[in-house]
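# Results of the structural survey
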Amino acid sequence: MTILIDNVSVRFGDVSVLEGLSLDLRERRIGIIGNNGSGKSTLARLLNGLVLPSAGRVVVEAFDTRTHGADVRKLVGFVFQNADAQIVMPTVAEDVAFGPKAHGLAPQDVAARTEKVLAQFNLAALKDRACFNLSGGEKQSLALAGVLALDPRWVVFDEPTTMLDRKRAKTAMNAITALPQHVIVVTHHVELLEGFERVIVLEAGKVVCDASPREAIAHYLDTYI
Ligand SMILES: Nc1ncnc2c1ncn2[C@@H]1O[C@H](COP(=O)(O)OP(=O)(O)O)[C@@H](O)[C@H]1O
Ligand SMILES: [Mg+2]
């Protein structure tokens, strides 16, 4: 199970955001750190085709994100920082069912998947609740449930803990690391990456360190603080 980033550059107009990036991602727990504007979100979004390379290619298993976006998005789920950006339907159960439906699953499979993830995330009792009046924590659970309802092999998180206090950040990170999927997490909370297999440090669109959490975090903290 591999995501291959092959000599990828991303430009927005005249601005180069990522430059000649090559990475072979296969570990189960990968962290991405770096200063604001270093290209972390752009890199994260490349992984499921939300952003396409200006040059080079991104290949998930055998699928090029440029030509096989729908296949890629079945394999790679993406969890936004802001749960509100992820929740699209009026009620909890409808929201979880939305992804599987949109990907063309048969109605009985949509129902089975929905029921399973609602139970898994302790949302079964809330299934008919209006999404807008959920608590912040419940919304986060729902956003993740909606992504996992597609049964992805990889889940990419862009700053999942940035808006949380330390206690909630730790709880959210425990839930993330307990997932059976391959997980890629962009974060500023570097201490939460302890126990990850690999941490990548970005600086101005380039990888400046790609190592164990201990080494990568030390590099990042030494360089910037
Ligand atoms: N769609 C876009 N159009 C123009 N510039 C963008 C776009 N997305 C990101 N950028 C710019 O690319 C740089 C890297 O952004 P981003 O990947 O969001 O970094 P990070 O997540 O590390 O803060 C920033 O300077 C940002 O302003
Ligand atoms: Mg970002």
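Predicted, not measured: the structure shown is a model, and the values here were computed from it.

## A look at the sheet that holds strand β8 (residues 182-186)
Read from one edge to the other, the open sheet built from 6 strands follows the order β6-β7-β8-β3-β9-β10, with strand pairing classed as mixed. The open sheet has two free edges, formed respectively by β6 (76-79) and β10 (206-211), since each of these has just one partner strand. Averaged over all neighbouring strand pairs, the angle between strand axes comes to 20 degrees, with direction disregarded. On top of the sheet, helix α5 (residues 136-148) reaches β6 and β7 (154-158); it is set at about 165 degrees to β6, its chief contact. Sheet strands touched by helix α6 (residues 166-177): β3 (29-34), β7 and β8. Its angle to β8, the strand with the most contacts, is close to 150 degrees.

## A closer look at the site of ligand 1
Neighbouring residues of ligand 1: F12, V17, N35, N36, G37, S38, G39, K40, S41 and T42. Here an oxygen atom of ligand 1 and a backbone polar atom of G37 are 2.7 Å apart. In this structure, K40 approaches ligand 1 through a side-chain N or O atom, which is 2.8 Å from an oxygen atom. Against a free-state accessible area of 550 Å², the protein chains account for coverage of 57% of ligand 1. Considering each element in turn, the shell around ligand 1 owes the most residues, 3 residues, to helix α1 (residues 40-46). Considered class by class, the residues forming the shell around ligand 1 number 2 nonpolar, 7 polar and 1 charged.

## Considering the pattern of salt bridges
Within this structure, the stated rule accounts for 8 salt bridges. Among the ionic pairs, R153 bridges to E61, the shortest N-O distance being 3.3 Å. Highlighted residues: R153 in the loop between α5 and β7 and E61 in the loop between β4 (55-60) and β5 (63-64), separated in sequence by 92 residues. In this structure E61 comes out as partly exposed when scored by relative accessible area, which is 28%.

## Points about the sheet that holds strand β1 (residues 3-12)
Strand order in the open sheet formed by 4 strands is β2-β1-β4-β5, with antiparallel pairing between adjacent strands. The open sheet has two free edges, formed respectively by β2 (15-25) and β5, since each of these has just one partner strand. By the bridge criterion, 5 bridges tie β1 to β4 in an arrangement that is antiparallel. Bridge pairing in β4 links S9 to A55.

## So, α6
Compared with an ideal rise of 1.5 Å per residue, which puts 12 residues at 16 Å, α6 spans 16 Å between its outermost C-alpha atoms and is within 8% of the ideal. Along α6, the residues that are buried comprise A169, A172, M173 and I176. Down the axis of α6, the smallest arc covering the buried residues is 100 degrees, so these residues share one side. Along α6, the residues that are exposed and aim more than 90 degrees away from the buried face are K167 and T171. Buried residues along α6 sit in contact with β3, β7 and β8.

Rules used in this analysis
- Residues numbered from 1 in each chain as written.
- Chains lettered and ligands numbered in written order.
- Predicted model: local features only at pLDDT ≥ 70, side-chain atom pairs only at ≥ 80, totals over all residues.
- Heavy atoms only, no water.
- Pairing = 2+ DSSP bridges.
- Helix = DSSP H or I, 4+ residues; strand = E, 2+ residues; numbered from the N terminus.
- Axes fitted to C-alpha atoms, helices over the stretch in contact; angles between N-to-C directions.
- Contact = heavy atoms within 4.5 Å.
- Near = heavy atom within 4 Å.
- Polar contact = N/O pair within 3.5 Å; in protein donor to acceptor, adjacent residues only side chain to side chain.
- Areas by Shrake-Rupley, 256 points an atom, 1.4 Å probe, with all protein chains shown as cover.
- Nonpolar A, V, L, I, M, F, W, Y, C, P; charged D, E, K, R; others polar.
- Salt bridge = Lys/Arg side-chain N within 4 Å of Asp/Glu carboxyl O.
- Buried < 20%, exposed > 50% of the residue type's maximum accessible area, 1.4 Å probe, protein only.
- Expected span 1.5 Å × (residues − 1).
- Arc of directions from axis to C-beta.

Keep in mind that these numbers describe shape and distance, not what the molecule does.
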